[in-house]
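Residues per chain, in single letters:
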Amino acid sequence: MSFINWTNAELTNIKLIDEQHKETTELINEIYDSGSKKNKRVQLNFMKKLIEHLREHFETEERFMKEYSDSGYISHKLEHERLLNKVILTERKLKEGEEILGEEFFQSMRKWFYNHLDFKDSKLAKHLLSKGVK
C-alpha cells in the first residue's frame, strides 16, 4: 500500500507538472517502504533522488511562474525553499546518524504535498491553463 496515493484528484492538467508530482509521490513511497525494511543505505539513496527531483520540479514550476508572470511567485518559491531545506537537513542528519525517518517526517511530507497542491499548485495550474499551457 502506498503512503501517498496518486489519483486523478491530484491532477493539475499541466502534463509536466503532473508527471513530476507523480514521481514525487513515488519517491516518498519508496523512502517510506525502505524505512520499514530498516535499510539506511537504501533510504539515503532515495533521499538523494528525492532532493534532486525536488530541485528539478521546483525549478520547473518557478520557470513557469516567471515565464507566465504568476502573481504568487514569491510565496510559492519560499514554500519550495522551506521544504527543500527541510529534506536536505533531514538527509544530512540521517547520513550522520542523528535522524531516523519516522512517522513525523512522513506525515509532514504528506501534509505538505497535499496542502501545497491544494493551495499553491492548483492556483498556478489555473493561471497556466488560462495562458494556454498544457
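Right above here is the structure, for reference.
The following refers to the structure shown. (Residues numbered from 1 in each chain as written. Predicted model: local features only at pLDDT ≥ 70, side-chain atom pairs only at ≥ 80, totals over all residues. Heavy atoms only, no water.)

The grouping of Glu23, Glu26, Glu30, Asp33, Glu56 and Glu59 at the surface amounts to a negative patch. Of all the secondary-structure elements, those providing two or more residues to the negative patch are α1 (15–36) and α2 (40–67). A per-element tally of the negative patch places α1 first, with four residues. Of note, Glu30 is situated in helix α1. Taking the relative accessible area as the measure of exposure, Glu30 reaches 36% and is therefore partly exposed. (Patch = residues over 30% accessible without salt bridge, like charges linked within 9 Å, V, L, I, M, F, W, Y side chains within 5 Å. Areas by Shrake-Rupley, 256 points an atom, 1.4 Å probe, with all protein chains shown as cover. Salt bridge = Lys/Arg side-chain N within 4 Å of Asp/Glu carboxyl O. Lys, Arg positive; Asp, Glu negative; His and termini not counted. Charge placed at Lys NZ, Arg CZ, Asp CG, Glu CD. Helix = DSSP H or I, 4+ residues; strand = E, 2+ residues; numbered from the N terminus. Buried < 20%, exposed > 50% of the residue type's maximum accessible area, 1.4 Å probe, protein only.)

A few words on the side chain of Lys120. Position of Lys120 relative to the elements: it lies in helix α4 (residues 103–130). Nearest to the buried, unbridged Lys120 among oppositely charged side chains is Glu79, at 4.2 Å. If sequence neighbours within four positions are ignored, Lys120 has contacts with Ser75, His76, Glu79 and Asn115. (Contact = heavy atoms within 4.5 Å.)

The residue Thr60 is located in helix α2 in this model. You can call Thr60 buried: its relative accessible area is 5%. Thr60 sits 11 residues away from Ser71 along the chain, and the two C-alpha atoms are 16 Å apart. If we skip the residues at most four places from it in the chain, Thr60 touches Leu16 and Gln20.

This brings us to empty space enclosed by the protein. Under the defined criterion, the tally for this structure stands at one cavity of 30 Å³ or more. Approximately 60 Å³ is the volume attributed to the largest cavity. Around the largest cavity, the lining residues are His21, Thr24, Leu54, His57, Phe58, Trp112, Phe113, His116, Leu117 and Asp121. Among the secondary structure elements, those contributing two or more residues to the lining of the largest cavity are α1, α2 and α4. Ranked by the residues each element gives to the lining of the largest cavity, the list is headed by α4, at five residues. In the lining of the largest cavity, the residues fall into five nonpolar, four polar and one charged. (1 Å grid on protein atoms, 1.4 Å probe; cavity = no way out; pocket = protein on both sides within 12 Å on 5 of 7 lines; lining within 4 Å. Points joined across faces, edges and corners; volume = space filled by probe spheres on them. Nonpolar A, V, L, I, M, F, W, Y, C, P; charged D, E, K, R; others polar.)

Where helix α3 (residues 73–95) contacts α4, the axes come no closer than 11 Å and their chain directions differ by 160 degrees. With respect to each other, α3 and α4 are oriented roughly antiparallel. For α3 against α4, the interelement crossing comes out left-handed. Where α3 abuts α4, its residues Ser75, His76, Glu79, His80, Leu83, Lys86, Val87 and Thr90 lie against Phe105, Ser108, Met109, Trp112, His116, Lys120, Asp121 and Leu124. (Axes fitted to C-alpha atoms, helices over the stretch in contact; angles between N-to-C directions. Parallel < 35°, antiparallel > 145°, perpendicular 65-115°, else oblique. Left-handed = near helix turned anticlockwise from the far one by under 90°.)

Between its first and last C-alpha, α3 extends 33 Å over 23 residues, near the 33 Å set by a 1.5 Å rise per residue. Three or more residues of α3 are buried, namely Tyr73, His76, Glu79, His80, Leu83, Leu84, Val87, Thr90, Glu91 and Leu94. Buried residues along α3 sit against α2 and α4. Once α3 ends, the next one or two residues include Gly97, with phi positive near 85 degrees. (Expected span 1.5 Å × (residues − 1).)

A separate point is unusual backbone geometry. Unusually for a residue other than glycine, Asn13 sits at a positive phi of about 70 degrees. Residue placement: Asn13 occurs in the segment before α1. Since its relative accessible area comes to 51%, Asn13 is described here as exposed.

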